[in-house]
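Coordinate analysis (summary)
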Amino acid sequence: MIEAAKHKVTVIGSGNWGTTVAKLVAENTRDHPDIFEKDVQMWVYEENVILAKDSPHYDAAVGDAPQKLTSVINTHHENVKYLPKIALPTNVVANPSLVDAVKNSTILIFNLPHEFIGNICKQIKGHILPYARGISCIKGVTVTDDKIELICEFIGEALEIYCGALSGANIANEIANEMWCETTIAYNTPPCDLVNGTARNGAAVEEHRDSRGQVITTQLTPIPKNYPTLDHDEFHKLFNRPYFTVAMVSDVVGVSLGGALKNIVALACGFVEGHGWNMTAKTAVMRRGMLETIQFAREFYPETIQEKTFWEESAGWGDMIVSCTSARNWRYSKMAVERGVSIQEIERTELNGQKLQGISTSREVSSFLRARGVEDKYPLFKLVDGILDQKVNVEDVPKLFRK
Ligand SMILES: NC(=O)c1ccc[n+]([C@@H]2O[C@H](COP(=O)([O-])OP(=O)(O)OC[C@H]3O[C@@H](n4cnc5c(N)ncnc54)[C@H](O)[C@@H]3O)[C@@H](O)[C@H]2O)c1
Ligand SMILES: O=P(O)(O)OC[C@H](O)CO
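Parameters and conventions
- Residues numbered from 1 in each chain as written.
- Chains lettered and ligands numbered in written order.
- Predicted model: local features only at pLDDT ≥ 70, side-chain atom pairs only at ≥ 80, totals over all residues.
- Heavy atoms only, no water.
- Near = heavy atom within 4 Å.
- Polar contact = N/O pair within 3.5 Å; in protein donor to acceptor, adjacent residues only side chain to side chain.
- Areas by Shrake-Rupley, 256 points an atom, 1.4 Å probe, with all protein chains shown as cover.
- Helix = DSSP H or I, 4+ residues; strand = E, 2+ residues; numbered from the N terminus.
- Nonpolar A, V, L, I, M, F, W, Y, C, P; charged D, E, K, R; others polar.
- Domains from an automatic or database assignment.
- Pairing = 2+ DSSP bridges.
- Axes fitted to C-alpha atoms, helices over the stretch in contact; angles between N-to-C directions.
- Contact = heavy atoms within 4.5 Å.
- pLDDT = per-residue confidence, 0-100.
- Left-handed = near helix turned anticlockwise from the far one by under 90°.
- UniProt positions renumbered as here; feature names shortened; annotations may be inferred.
- Salt bridge = Lys/Arg side-chain N within 4 Å of Asp/Glu carboxyl O.
- Buried < 20%, exposed > 50% of the residue type's maximum accessible area, 1.4 Å probe, protein only.
- Phe/Tyr/Trp six-rings, centres within 6.5 Å; stacked < 30°, edge-to-face > 60°.
- Lys NZ or Arg CZ within 6 Å of the ring centre and 35° of its normal.

If you check the shell around ligand 1, you find 24 residues, and the closest are N16, W17, A172, K355 and Q357. Here an oxygen atom of ligand 1 and a backbone polar atom of G18 are 3.1 Å apart. Within the side chain of N111, one N or O atom sits 3.4 Å away from an oxygen atom of ligand 1. Considering ligand 1 on its own, with 840 Å² of exposed area, one finds that the protein chains cover 90% of that surface. Among the elements that line the shell around ligand 1, the one with the most residues is helix α1 (residues 16-31), at 3 residues. Tallied by class, residues from the shell around ligand 1 come to 11 nonpolar, 9 polar and 4 charged. The two domains that each donate at least three residues to the shell around ligand 1 are domain 1 (7-250) and domain 2 (255-401).

Following this line, the structure appears as structure tokens:
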């Protein structure tokens, strides 16, 4: 008889959001021992840290000597660099080896700045279980040779697995402090993972399609029967906490594009506010940003766009609002204008290693639109790219709105 197995979870990434998600997922693996292995692996891009004298973890015997971040996390259960002052459950295990961290895991949670995902996939290809399943918490898109891809689908293609997407109005520090919010997870359970081709509600399973409506040709390896089923119920149990309300949906396009494109709009809002305009100006920018986001989804994902995601889910307007009023892309683009320096310089000097995803997303989306000759149809996205290049002034924003 084959022994019953449980799902092993690895979080790939340990920044501000990566560590927060590792925390909440580890609380849930502890609470659901029938489905998940208790320990959660968290891959850490290893670096040295020096603990300040006033840190509760300061050890006079070590003094100012640099220490490995993984070792500090595993000893003190705190990510002192990217999520300071938050106690992590002891079942979060920091691991500097990517290949070792993903070994034998059936659930891979991708959570790092989107510019690193290509390299990560190259490194783990061939080292993961063929029946692993992914959830991407990454906000961004990948653009290669004039082609744009959702991050979850890029991962799915690169690793020949199925990968869903998590995105919402989520500020990591608030969630790490267990202040309530909600999120959206898009996951289309592969038919091979459902018992006898029948979904849990008894409905027959349709053939699997990608975000452009194409039938998926890659043959997925089914999850062996000795594992618990992996469907919406189980992902809900893995991510939902009393302080983190999860809505499960099927729209990977809306969830992924909402999370990626709002970062460009958040930069615009920061520029506008840094210039001295206030909430009413930012509201105009947000409205225009949402129109361009929906237009983008209509133009490049016409077969599959579900516009209601932008209106009804946290991954839509919710994320747009929080990102343009209290998240990093907004905060630091505002600071750049106030100080009269480039946002790249602010990222280097003020973020202690954290990344502003809006900068690279703006670059990628603009190059994609330019290559297709449709840049002028997206004036706000074009303007942000121009401001980043220091070719356009923030004062020019109102021109977009004049007939
Ligand atoms: N922080 C938030 O509030 C928040 C909320 C929701 C979604 N997100 C999204 O989550 C994703 C991850 O962001 P974050 O906030 O956890 O990261 P972060 O900006 O806090 O940290 C950057 C991370 O990148 C790592 N890194 C640096 N160089 C690297 C390399 N060469 N290869 C691999 N990793 C490297 C660092 O070690 C660090 O863990 C992003 O797409 C972001 O948009 C963030
Ligand atoms: O801090 P930001 O700008 O990376 O945004 C964080 C989240 O995406 C907000 O939902």
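Next up on the list: the sheet that holds strand β7 (residues 133-136). The 8 strands lie next to each other as β5-β2-β1-β6-β7-β10-β11-β12, forming an open sheet whose pairing is mixed. What marks the edges here is a single partner per strand, and that holds for β5 (92-95) and β12 (244-249). Averaged over neighbouring strand pairs, the angle between their axes works out to 25° when direction is ignored. Note that strand β11 (residues 181-186) and β12 share 6 bridges and pair parallel. Considered in β12, the bridge of A186 is made with V249. Of the strands in this sheet, β6 (107-110), β7 and β10 (162-167) are in contact with helix α5 (residues 151-159), which crosses β10 at around 160°.

Moving on, we come to the confidence of the model for the protein. With 96% of its residues at a pLDDT of 70 or more, the protein shows a mean pLDDT of 94. The least confident element of the protein is strand β8 (residues 141-144), whose mean pLDDT is 88; the most confident is strand β1 (residues 7-12), at 99. On the interface metric, ipTM, the complex scores 0.99, and its pTM is 0.96.

Our next topic: unusual backbone geometry. With a phi angle near 60°, E178 is a residue other than glycine that sits in the positive phi range. Relative to the helices and strands, E178 resides in the loop between α6 (172-176) and β11. Positive phi outside glycine occurs at N352, with the angle close to 50°. Looking at the secondary structure, you find N352 in the loop between α13 (343-350) and α14 (357-371).

Here we take up the packing of helix α11 (residues 314-326) against helix α12 (residues 328-339). At a minimum axis distance of 5 Å, the contact between α11 and α12 shows a crossing angle of 30°. Seen from above, α11 lies across α12 with right-handed handedness. Mapping the contact onto sequence places S323, C324, T325 and S326 in α11 and R328, W330 and R331 in α12. Its residues placed into classes, the contact of α11 with α12 shows 2 nonpolar, 3 polar and 2 charged.

Here, UniProt's "active site" (unreviewed entry) annotation points to K262. Here K262 is to be found in helix α8 (residues 252-275). Ignoring anything within four residues of it in the chain, the contact list for K262 reads K139, L257, D319, M320 and S323.

Moving on, we get to the pattern of salt bridges. Applying the stated criterion to the full structure yields 19 salt bridges. Ionic pairing is found between E27 and R241, a salt bridge with its closest N-O pair at 3.0 Å. Taken as a pair, E27 in helix α1 and R241 in the loop between α7 (232-239) and β12 lie far apart in primary sequence, 214 residues in all. Both residues of the pair, E27 and R241, belong to the buried class. Among the salt bridges present, the one from K377 reaches E299, with a minimum N-O distance of 3.1 Å. On the criterion of sequence distance, the pair formed by K377 in the loop between α14 and α15 (379-388) and E299 in helix α9 (residues 279-300) is long-range, its members being 78 residues apart. According to the relative accessible area criterion, K377 is partly exposed, its value standing at 43%.

Following the criterion strictly, the structure yields 11 aromatic pairs and no others. With a centroid separation of 4.9 Å and 90° between ring planes, the pair formed by Y162 and Y187 is classed as edge-to-face. Linking Y162 in strand β10 with Y187 in the loop between β11 and α7, this pair joins segments that are 25 residues apart in sequence. With respect to burial, Y162 and Y187 carry one shared label: buried. Aromatic ring contacts, followed pair by pair, group F296, F300, F368, Y378 and F381 into a single cluster. The ring centre of F401 lies 5.0 Å from the NZ or CZ of R288, which sits over that ring.

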